Amino acid sequence: EIAQTVTLIELVPEGIPEPKHFAIVDSPIPVCGQEGDLVLQVMAMSADPYLRGGIKTGEVPRPMTGFVAGKVIESQNEAWPVGSLMGAALPFSSVQLVTSEVLSKTMSWNLTDHISEDEITLGIGVLGMPGSTAYGGLTGVLRPNEGETLFVSAAAGAVGSLVGQMAKAKYNCTVVGSCGGAAKNELVKAKFGFDHAIDYKELSSDDKAAELASKIKEAVPDGIDMYFENVGGYHFEAAMATLRPKGRIAVCGSISTYNYESGTAPLNNINISQMIYTFQRIEGFVCMPWLTGRQGNFLADVSQWYREGKLNVEETTFDGIHSWVDAFAALFTGANTGKVVVKL
């Protein structure tokens, strides 16, 4: 048996990553060396938009690193006995030694009490980075009041689809989603329970920000109280134009800019004078405090909501480590709905 690792062999300063930029590298199966170490068999690897920034610069070749979930198959670590189900930020290697030093420096979360082995992909989805991003951005950053209005971009994606569902289930919000194409529009309403869906691919004017703002106003004439930002570009400007007094924007991602060469993506305009007497707030954040349990009660809350049927999960699945590059590219072509996962 061998371990296999997704390896970046050529930098990709702009455009959509392709198979030629990567290789699958074989290595021997590792064994536990010291007290505190464990060997993880990775059963699911994530493909996420944020990884795009990391392949523009730096040394090559190098292993790709991101979110994985799997089973502990050998252990000298009391906290992680053999059979434990682990989620972590680690290299995309099929079987790997995780030392106590690595564990002390990376994000990891224990899935053992929350899912079974055949549900392992949930550990990099609703119970992983996307779920904790949705949970943290909503409960920690936007902090909805009962019945407020929320606008979500990339509403059919891994994070956006969960944000809308959580907002409806926990805060009884009115939720408006933007996504690309009629099929995704139908999905966010039928499966994810959004009140309104806007197909950004149908925007046809030169001023897409103004056109999108008018579509938001058609759906919710009084404007929006909150915007969950996944996309950037004209989506941000449309949200600012329709944001009510005391409105909040949680800035999670900006996928519309990720394939530009560093420093060349168009910048957003913010009219800061609009924000003063309206008490508006824009805040950036990452999932880490919620995913690691330092803030909130993510794993317990969200696994319960999932079991209660309050959260519908959509996955786009790719099989085998060799398909990781295709899975990654799907994020930027719109070929995915919900969470993109690679099953090993």
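See the structure shown above.
All of the points below concern the structure found in this document. (Residues numbered from 1 in each chain as written. Predicted model: local features only at pLDDT ≥ 70, side-chain atom pairs only at ≥ 80, totals over all residues. Heavy atoms only, no water.)

1. What to know about the sheet that holds strand S1 (residues 2-8)
- Pairing is antiparallel in the open sheet, where 3 strands are placed in the order S2-S1-S4. Of all the strands in the sheet, just strand S2 (22-28) and strand S4 (62-63) have a single pairing partner and so form its edges.
- Alignment of S1 against S2, held across 7 bridges, turns out to be antiparallel. Residue pairing for S2: Ala3 is matched across the bridge by Ser27. (Pairing = 2+ DSSP bridges. Helix = DSSP H or I, 4+ residues; strand = E, 2+ residues; numbered from the N terminus.)

2. Some words on the packing of helix H2 (residues 129-142) against helix H3 (residues 158-171)
- Packing of H2 against H3 brings their axes to within 8 Å, and their N-to-C directions diverge by 45°. Classified by the angle between their axes, H2 and H3 sit oblique to one another. Handedness of the H2/H3 crossing: right-handed. Where H2 abuts H3, its residues Pro130, Gly131, Thr133, Ala134, Tyr135, Leu138 and Thr139 lie against Ala158, Val159, Leu162, Val163, Met166, Ala167 and Tyr171.
- Considering only residue class, the contact of H2 with H3 consists of 11 nonpolar, 3 polar and no charged. (Axes fitted to C-alpha atoms, helices over the stretch in contact; angles between N-to-C directions. Parallel < 35°, antiparallel > 145°, perpendicular 65-115°, else oblique. Left-handed = near helix turned anticlockwise from the far one by under 90°. Contact = heavy atoms within 4.5 Å. Nonpolar A, V, L, I, M, F, W, Y, C, P; charged D, E, K, R; others polar.)

3. Considerations on the environment of Ala329
- Considering the arrangement of structural elements, one finds Ala329 in helix H10 (residues 324-333).
- Among the residues examined, Ala329 registers a relative accessible area of 16% and is labelled buried.
- In this structure, the C-alpha to C-alpha distance between Ala329 and Thr264, residues 65 residues apart in sequence, is 21 Å.
- Discounting residues that sit within four places of it in the chain, Ala329 has contacts with Ile16 and Pro17. (Buried < 20%, exposed > 50% of the residue type's maximum accessible area, 1.4 Å probe, protein only.)

4. Quick word on the nonpolar core
- The biggest cluster of nonpolar side chains holds 51 residues, and the ones touching the most others in it are Leu150, Met166, Phe228 and Val302.
- The greatest single-element share of this core, amounting to 6 residues, is contributed by H2.
- Apart from residues no more than four positions distant in its own chain, Val302 is found in contact with Val126, Leu127, Tyr135, Met166 and Leu311.
- Counting residues in hydrophobic clusters, the runner-up holds 32 residues, among them Phe22, Met64, Phe92 and Ile321. (Core = buried A, V, L, I, M, F, W, Y, C linked by side-chain atoms within 4.5 Å.)

5. Considering the sheet that holds strand S10 (residues 174-179)
- Spatially, S11-S10-S9-S12-S13-S14 is the arrangement adopted by the 6 strands of the open sheet, whose pairing is parallel. Every other strand in the sheet has two partners, leaving strand S11 (196-199) and strand S14 (281-284) as the edge strands with one partner each. Adjacent strand axes in the sheet meet at a mean angle of 15° when their direction is disregarded.
- In terms of strand pairing, strand S13 (residues 243-251) meets S14 through 4 bridges, oriented parallel. Looking at S14, one finds that Ile249 is bridged to Ile282.
- Helix-sheet contacts for helix H4 (residues 182-190) involve S10 and S11, and the interaxial angle to S11 is about 165°.
- Packed onto the sheet, helix H6 (residues 234-242) meets strand S9 (149-152), S10, strand S12 (224-229), S13 and S14 and runs at close to 155° relative to S13.

6. Things to note about H2
- Where H2 bends most, at Gly136, the angle is about 25°.
- The positive-phi residue at the C-terminal boundary of H2 is Arg143, with phi of around 45°. (Bend = angle between axes of the 7 residues up to and from the residue.)

7. Here we look at the packing of aromatic side chains
- This model, assessed by the stated rule, comprises 11 aromatic pairs.
- Judged by centre distance (6.0 Å) and plane angle (65°), the rings of Tyr50 and Phe67 are edge-to-face. Pair noted here: Tyr50 is in the loop between strand S3 (38-46) and S4 and Phe67 is in strand S5 (residues 65-75), with a separation of 17 residues, a long-range link.
- With relative accessibility at 40%, the residue Tyr50 sits in the partly exposed group.
- With a relative accessible area of 5%, Phe67 lands in the buried category. (Phe/Tyr/Trp six-rings, centres within 6.5 Å; stacked < 30°, edge-to-face > 60°.)

8. Some remarks on a nonpolar patch on the surface
- Together, Ile270, Ile272 and Ile282 make up an exposed nonpolar region whose accessible area comes to about 260 Å².
- One can find Ile270 in the loop between S13 and helix H7 (273-276).
- Residue classification places Ile270 among the partly exposed residues on the basis of a relative accessible area of 42%. (Patch = residues over 30% accessible without salt bridge, like charges linked within 9 Å, V, L, I, M, F, W, Y side chains within 5 Å. Areas by Shrake-Rupley, 256 points an atom, 1.4 Å probe, with all protein chains shown as cover. Salt bridge = Lys/Arg side-chain N within 4 Å of Asp/Glu carboxyl O.)

9. Things to note about the side chain of Asp48
- Positionally, Asp48 belongs in the loop between S3 and S4.
- In this structure, Asp48 is in contact with Phe67, Met129, Phe328, Leu331 and Lys339, ignoring residues within four places of it in sequence.

10. A closer look at the pairing of S10
- Of all 6 residues in S10, 5 are buried, a share of seventy percent or more.
- Sheet topology note: the S9/S10 ladder contains 4 bridges and is parallel. In the sheet register, Val152 faces S10, and the bridge partner there is Gly177.
- Where the polypeptide runs from S9 across H3 and back to S10, its parallel neighbour, the crossover connection is right-handed.
- Bridge analysis of S10 against S11 gives 4 bridges, and the strand direction is parallel. Within S11, the residue paired with Cys179 across the bridge is Asp199. (Right-handed = clockwise from strand over helix to strand, strands pointing away.)

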